Amino acid sequence: FRPGSGFKSTGPSAGKGGRTEPFFFSVSQKYLIWMSANEMRFTENGGVIVTLAASSSIANGIFAVGLPSWTNISAGASTATGGATGLVLDGDGANVAGVRQQVATASPGVRHSIKLEIAHGPVNLRIGSTSGDDDLFAAEDLRTGTHVLSFTPAGSYWVELTSTLDRRVTATSITVLGAGDLVLPTAWDADDIWRLRLEPSLNVMYVADGAHVKRRIERRGAASWSLTYADEQDGPVGRINTDDTFTITPSVRAGNGTLTANRSLFKAAHVGALFELTHSGQFESRTVTGADQWSSPIQVTGVSTGRTVYWTVTGAYTGTVRLQRSVGNETSWEDVVSGTGTYTSVDTPGSFTYRDAEDNVLIFYRVGIKTAEYTSGTPLVTINFPFGTTIGMARVTAFTSALLVDMEVLADFAATTATAEWAEGAWSDLRGHPKGIGIFNGRLWNGFADKIWGSGSDLYESQAAGDDDGDAIKRSLAVGAAAPEIVWLLALSRLIAGTTLS
């Protein structure tokens, strides 16, 4: 009863047949993903989605040194630079690092498509009909990968690329595409495409093959598609160090820096891998840019002088920086109004100490500026407590030697001292990547070797372990005497794992 075949489109080139997979958002928004060797196209209503000819060009779309044709809109300590690697944005955690350009067009009313390559994201893109506006493409943080994004200007338009993150991000190029098929480059050759496991979730489809970092196919409209990296920043971790003499030292608490091991550890394939470091003490910081902004809390226990909290304010600002507390939880915040030391600073940068008289009471503290008490400036506030522990996370960005790698901090470290309490990320180019994936009971499940990881509840790219019901889950499969390798996952009334036994 199947209907007859019909011609749809000529293949991209000889020998590049392909695989098609449905991308279903709703009854009225249905697509086919057409994968061939190292390329991906999209079809709608039987035809390949195309980009149109638009007489428009973004000047210096490769971001030459000095950023000619771009206006540098960076503020504070944030910077934007151009060079061989593209546009490099170094934010300071509060102020914008970015560039902006007005682009002329001789094709008003015609759909334009830009191709944006991001080497290390996220980079925030906005496109507007006036400077700073985003009426043509709403401001959005875009991940590492390739983006083809379409919009229809009525005349000249403004393109803006920015970041405020306290770490380095890089965009390689941005161009206006001509007429042709909408094509995204991929890492998968003609054989690889048949090994891919795909799992849809509304406007995102996750793709895993065991050999590459998990990818996301993203749809923002019929003519706006992206292929990006999935971005787990809080785990999972696998190998845990048990040797008290084997240490790793971070060079910075936040931002970009290095990790140094005291003996051979790192390999070139560690680039992209996570490393979790635990230090004694608690340290939190925040660059305040407006009212009602606070550091993450620290947890204070103990008695007498062992309850002393240390906090600092640096930078020029006008306003009132306050210390707040919440007794027994992280939700009931109130101003600190008594105790020993300093708990309010009015336009006075400096270093302060504070101690309460609540022996053996669990109290959380944070520092920041309340609503209506901020006027201007960008103070950096920090708070630390020498007891307890802090778990920090970093991603390796470049390999130097077995003892040294570059890294970006994803969760702040408490100190820049050596620690033997470290763990290596479970997934990497060195250790391998998940091969089976499936969405079940509100979690994205990942199968790798003989283990399955379930993401945080409704947080498909969070792998933070914990004791709460919504935290990520990890389980091992035990089948007889042999360790199975998970090759696929299927969500039925229960989650089914397909394995091979070696």
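For the structure, see preceding data.
Criteria and cut-off values
- Residues numbered from 1 in each chain as written.
- Predicted model: local features only at pLDDT ≥ 70, side-chain atom pairs only at ≥ 80, totals over all residues.
- Heavy atoms only, no water.
- Phe/Tyr/Trp six-rings, centres within 6.5 Å; stacked < 30°, edge-to-face > 60°.
- Buried < 20%, exposed > 50% of the residue type's maximum accessible area, 1.4 Å probe, protein only.
- Lys NZ or Arg CZ within 6 Å of the ring centre and 35° of its normal.
- Pairing = 2+ DSSP bridges.
- Helix = DSSP H or I, 4+ residues; strand = E, 2+ residues; numbered from the N terminus.
- Axes fitted to C-alpha atoms, helices over the stretch in contact; angles between N-to-C directions.
- Polar contact = N/O pair within 3.5 Å; in protein donor to acceptor, adjacent residues only side chain to side chain.
- Contact = heavy atoms within 4.5 Å.
- Salt bridge = Lys/Arg side-chain N within 4 Å of Asp/Glu carboxyl O.
- Core = buried A, V, L, I, M, F, W, Y, C linked by side-chain atoms within 4.5 Å.

(A) Focus on the packing of aromatic side chains. For the structure shown, the criterion picks out 15 aromatic pairs. Here the aromatic rings of F385 and F387 are separated by 5.5 Å at their centres, their planes lie at 70°, and the arrangement is edge-to-face. Given the relative accessible area of 1%, F385 is considered buried. Looking at F387, the relative accessible area reads 45%, which means it is partly exposed. An aromatic cluster of three or more residues is present, and its members are F23, Y31, F42 and W225. One residue, R215, lies across the ring of Y229, its end atom 4.1 Å from the ring centre.

(B) Inspection of the sheet that holds strand β38 (residues 436-440) at higher detail. If you trace the four strands from one edge of the open sheet to the other, you get β38-β39-β40-β41, paired in antiparallel fashion. The sheet is open, and its two edges are formed by β38 and β41 (473-476), each paired on a single side. Geometrically, the sheet is characterised by an average inter-axis angle of 20° between neighbouring strands, direction not taken into account. Summarising the sheet, strand β39 (residues 443-448) and strand β40 (residues 451-454) pair through four bridges and their orientation is antiparallel. Residue F448 lies in a different strand from β40, and its bridge partner there is K451.

(C) Just the pairing of strand β3 (residues 39-44), in detail. The sheet contact formed by strand β2 (residues 29-36) and β3 spans five bridges and is antiparallel. Paired with L32 across the two strands is T43, which belongs to β3. Joining the antiparallel neighbours β2 and β3 is a turn of two residues, in which N38 adopts a positive phi near 60°. Taken together, the two bridges between β3 and strand β17 (residues 184-185) define a ladder with antiparallel strand orientation. Counterpart to E39 in the pairing with β17 is P185. The pairing of β3 with strand β4 (residues 47-48) spans two bridges and is classified as antiparallel. For T43, the partnering residue across the bridge sits in β4 and is V48. The loop that links β3 with its antiparallel partner β4 comprises two residues; one of these, N45, has a positive phi angle of about 55°.

(D) A look at the side chain of S462. By the secondary structure assignment, S462 is in the loop between β40 and β41. Residue class for S462 comes out buried when judged on its relative accessible area of 14%. Polar contacts involving the side chain of S462 include one to the side chain of D234, which spans 2.8 Å. Not counting residues up to four positions away in its chain, the partners in contact with S462 are D234, S455, G456 and A472.

(E) Molecular detail of the pattern of salt bridges. Under the criterion given, the structure shown has 28 salt bridges. Of the charged contacts, one joins E358 and R325 as a salt bridge, the two residues approaching to 3.9 Å between their closest N and O atoms. On the criterion of sequence distance, the pair formed by E358 in the loop between β33 (350-355) and β34 (363-377) and R325 in strand β29 (residues 317-327) is long-range, its members being 33 residues apart. As a salt-bridge pair, E408 and R395 come within 3.0 Å of each other at their nearest N and O atoms.

(F) Layout of the nonpolar core. Core analysis: the largest hydrophobic core is formed by 27 residues, its most contacted members being L87, I114, L125 and V159. Where this core is concerned, the elements lending two or more residues are β8 (86-90), β9 (97-103), β10 (112-120), β11 (123-128), β12 (137-142), β13 (145-151), β14 (157-163) and β15 (168-176). Among the elements that take part in this core, β15 stands out by supplying four residues, more than any other. Those residues in contact with V159 that lie beyond four places of it in its chain are I58, W70, V99, R100, Q101, V103, L125, R126, I127 and I174. Formed by 20 residues, the second largest nonpolar core is a distinct cluster that contains L182, I193, L196 and L198.

(G) Molecular detail of the pairing of β33. Direction of pairing for strand β28 (residues 309-314) relative to β33: antiparallel, over a ladder of five bridges. When the sheet's bridge partners are listed, Y310 is paired in β33 with T353. Bridge count for strand β31 (residues 340-341) against β33 is two bridges, and the pairing is antiparallel. For G341, the partnering residue across the bridge sits in β33 and is Y354.

(H) Representation of the environment of P22 within the structure. Inspection of the secondary structure puts P22 in strand β1 (residues 19-26). The exposure class of P22 is exposed, given its relative accessible area of 54%. Ignoring anything within four residues of it in the chain, the contact list for P22 reads Y31, L32 and M205.

(I) Molecular detail of the sheet that holds strand β6 (residues 71-72). What the five strands build is an open sheet, ordered β6-β9-β14-β11-β12; its pairing is antiparallel. Taken across any chain shown, the strands that pair with only one partner, and hence form the sheet edges, are β6 and β12. The pairing of β6 with β9 spans two bridges and is antiparallel. Note on β9: the bridge partner recorded for N72 is V99.

Keep in mind that these numbers describe shape and distance, not what the molecule does.
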